[in-house]
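Topology and contacts: notes
The residues making up each chain are set out below.
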Amino acid sequence: MLNKEKSRPFAGKKLIFLAALLLAGYITNAQLQLQQQKQIDGGEFHSIVLCDDSTAWTFGRNNVGQLGNGTFQDTTFPVSIGIYDAISCAAGSNHCIILRGDSTVWVWGDNTYGQLGDGTNDSSNVPIQVAGLTNIVGIGAGWEHSLAVRSDGTVWAWGKNGTGQLGNNTIIDSNIPVQVIGITTAIDIAGGSGHSLAILNDSTLMAWGDNQYGQLGIGNIINQLTPVPVPGLFNIRKISASHHSIALKYTAGWPDSAYTWGRNDYGQLGIGNTTQQNSPVAITSIASNKIAAGGFHSVFVKTGDVYTCGRNDNGQLGDGTVNPSDVPILIYTTTVTRLGAGMYHSLFNRDLLVAYVSSFGRNDYGQLGDSTIVEQHSPVVNNISCRVGWLNIEVTNVTHNLCLDSCNGTATVTAWSGSPPYNYVWWPSGQTTKTATGLCAANYEVTVTDSDGNNSQNSVTINGPSPLLDTIIGTNIICNGDSTGAADLTVTGGTRSEERRVGKECRSRWSPYH
């Protein structure tokens, strides 16, 4: 209940902030709907979900820390990243970006091209703040670059820039945010494989970056290093991008219309053919009010029902087959409130009252979050409930065994969004306390049940000592000119005594464990 109470004010602050923009005339009432931030997204082999209590959860591949939970271990079930005021999220190929309640931007994962924006190219397995970005109202992630829009309408970008996706008239990567040239009235953004899109406050669309498939929608295949208008599109309220682009056009008194353009070799544009389109084309078969561009497929929601089209060799269309489709096909009928797509998988938040996440498609790293690595060709229920009032738990404060043959590990489970008091059961230790102690090196599972009978499970691995590292860092070194002296040595693991020379004629013996 603590985080339930804690998280609600952030949504309120966001609405107050947007209302101020509305009163100032910066955005219109219709554009206020644009600020319903994205809360589900998929990367190449991982996924991120934001819950109604403003918590952030990730699952799938974690080889470069893209799950943000402080490890490099893949997980087939959702894990918390320890952020409790998340407003919006976006996933790149192997990194994630979150907008927090104080309008700051936090990132984690792969940083090969500087897509974390921290001035380095070092990857991070925990969220880090992007310095210098304040008053942010929207975020986006391309495959290997990141985007943010400020309350003053400027757009900032960082990361890979080989095709001009940063919009600063260069093709030089940047590991710090740079301002996109020529945009001062943006209200929403989206990143694709190598291009970027921005909606302006007059509801027109700008595009820049890679255009080899016509994904800029400007009638040619010439890359653009600075933003250019997308001709013929107006009243745009939502956008999504991959190798192709999708936009929702608002018409008063009529359902929103979906327009698509760009790469189309699998029919991902949904227009009844597989011909590349260099300009926007309307999908005439369905109206839509939610959109998501996957790697080579598209997902749409029409009045709560889910439609998909495009590539399907991993079941990412969710129709029970592996056959591609060049027109949107109905796969699910219910009330879908949120939508996301990864490279080869799809996700949506289903059933307003239950608010579970369903997922389908490729699952070799657990990116569907269903505790398996089994590919799914139809929607399956994910292991997370995204409704305030339901029980979510997180294992924290984990300590590991430092010596061989010892059992001194500990772990604490924190529960929220349910109804206390809570009952705890750790398996296989059998402990029934919030903090489990005396844990040996092994895998453990904890089940928490609240007073309403809701229960949730999570797991933790207690590690044993790691092999002794060859490199040892010496500090506070005192040498007496002979074989005596002293040094503080920083070591990792190990069970044997070692001797290391610390400067000329200075040795230090140590036996850290046992």
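Thresholds applied
- Residues numbered from 1 in each chain as written.
- Predicted model: local features only at pLDDT ≥ 70, side-chain atom pairs only at ≥ 80, totals over all residues.
- Heavy atoms only, no water.
- Buried < 20%, exposed > 50% of the residue type's maximum accessible area, 1.4 Å probe, protein only.
- Helix = DSSP H or I, 4+ residues; strand = E, 2+ residues; numbered from the N terminus.
- Pairing = 2+ DSSP bridges.
- Polar contact = N/O pair within 3.5 Å; in protein donor to acceptor, adjacent residues only side chain to side chain.
- Contact = heavy atoms within 4.5 Å.
- Axes fitted to C-alpha atoms, helices over the stretch in contact; angles between N-to-C directions.
- Core = buried A, V, L, I, M, F, W, Y, C linked by side-chain atoms within 4.5 Å.
- Phe/Tyr/Trp six-rings, centres within 6.5 Å; stacked < 30°, edge-to-face > 60°.
- Lys NZ or Arg CZ within 6 Å of the ring centre and 35° of its normal.
- Disulfide = S-S within 2.5 Å.

Topic: the pairing of strand 26 (residues 345-350)
The buried fraction of strand 26 amounts to six of the six residues, a majority that puts the element mostly inside the structure. The alternating pattern of strand 26 places His 345, Leu 347 and Asn 349 on one face and Ser 346, Phe 348 and Arg 350 on the opposite face, and all of these are buried. One ladder, built from five bridges, connects strand 25 (residues 336-341) with strand 26; its direction is antiparallel. Bridge pairing in strand 26 places Gly 340 opposite Leu 347. Looking at chain direction, strand 26 and strand 27 (residues 356-361) are connected through six bridges and run antiparallel. When the sheet's bridge partners are listed, Ser 346 is paired in strand 27 with Phe 360.

Quick word on the side chain of Gln 367
For Gln 367, the position within the fold is in the loop between strand 27 and strand 28 (376-385). A relative accessible area of 0% means that Gln 367 is categorised as buried. One polar contact links Gln 367 to Asp 364, side chain to side chain, over a distance of 3.2 Å. The residues contacting Gln 367, other than those within four sequence positions of it, are Phe 45, His 46, Ser 47, Phe 59, Gly 60, His 345, Leu 347 and Arg 362.

Re the side chain of Asp 370
Tracing the backbone shows Asp 370 in the loop between strand 27 and strand 28. Owing to a relative accessible area of 13%, Asp 370 belongs among the buried residues under this scheme. Polar contacts involving the side chain of Asp 370 include one to the side chain of Thr 372, which spans 3.0 Å.

Description of the environment of Ser 124
Position of Ser 124 relative to the elements: it lies in strand 8 (residues 124-129). Residue classification places Ser 124 among the buried residues on the basis of a relative accessible area of 12%. Each C-alpha atom of the pair Ser 124 and Val 107 lies 8.4 Å from the other, and the pair is 17 residues apart in sequence. Other than its neighbours up to four places away in sequence, Ser 124 contacts Val 64, Gly 65, Trp 108, Gly 109 and Leu 116.

Some words on the sheet that holds strand 23 (residues 305-310)
The four strands lie next to each other as 21-22-23-24, forming an open sheet whose pairing is antiparallel. At either end of the open sheet lies a strand with only one pairing partner, and these are strand 21 (290-293) and strand 24 (325-333). When the angles between neighbouring strand axes are averaged without regard to direction, this sheet yields 20°. Where strand 22 (residues 297-302) and strand 23 come together, six bridges link them in antiparallel fashion.

Digging into the nonpolar core
Grouped together as the largest cluster of nonpolar side chains are 17 residues, with contacts concentrated most on Leu 205, Leu 233 and Ile 239. Listing elements by their share of this core, those giving two or more residues are strand 13 (186-191), strand 14 (195-200), strand 15 (205-209), strand 17 (236-241) and strand 19 (254-262). At three residues, the largest contribution of residues to this core is made by strand 17. Apart from the residues lying within four places of it in its own chain, the contact partners of Ile 239 are Asp 188, Ile 189, Ala 190, Leu 197, Ala 198, Ile 199, Leu 205, Ile 246, Ala 247 and Ile 291.

With respect to the packing of aromatic side chains
Enumeration over the complete set of coordinates arrives at six aromatic pairs. Between Tyr 332 and Phe 348, the ring centres sit 5.0 Å apart and the planes meet at 50°, which makes this aromatic pair tilted. Placement of Tyr 332 in strand 24 and of Phe 348 in strand 26 is noted, with a sequence separation of 16 residues between them. Taken together through their ring pairs, the aromatic side chains of Phe 45, Tyr 266, Phe 296, Tyr 344 and Tyr 365 make up a single cluster. In this structure, Arg 100 packs its charged tip against the face of Trp 106, placed 4.7 Å from the ring centre.

Examining the sheet that holds strand 11 (residues 155-159)
The antiparallel open sheet is built from four strands, whose spatial order is 9-10-11-12. On the outer flanks of this sheet lie strand 9 (136-141) and strand 12 (174-179), each paired with one strand and no other. Strand-to-strand twist across the sheet, computed as the mean angle between neighbouring axes with direction ignored, equals 15°. Relative to strand 12, strand 11 runs antiparallel, the two being bridged by three bridges. Bridge assignment links Ala 157 to a residue of strand 12, and that residue is Val 178.

Things to note about the state of the cysteines
A full pass over the atoms with the stated rule returns one disulfide. The disulfide that involves Cys 407 links it to Cys 440, with 1.8 Å between the sulfurs. For the disulfide bridge between Cys 407 and Cys 440, the dihedral angle about the S-S bond is near 90°, and by the sign convention the bridge is right-handed. In this pair, Cys 407 is assigned in the loop between strand 29 (392-399) and strand 30 (409-416) and Cys 440 in the loop between strand 32 (435-439) and strand 33 (442-449), connecting sequence segments 33 residues apart. Free of any disulfide, Cys 89 has its nearest neighbouring cysteine sulfur in Cys 96, separated by 7.4 Å. What makes Cys 89 buried here is its relative accessible area of 1%.

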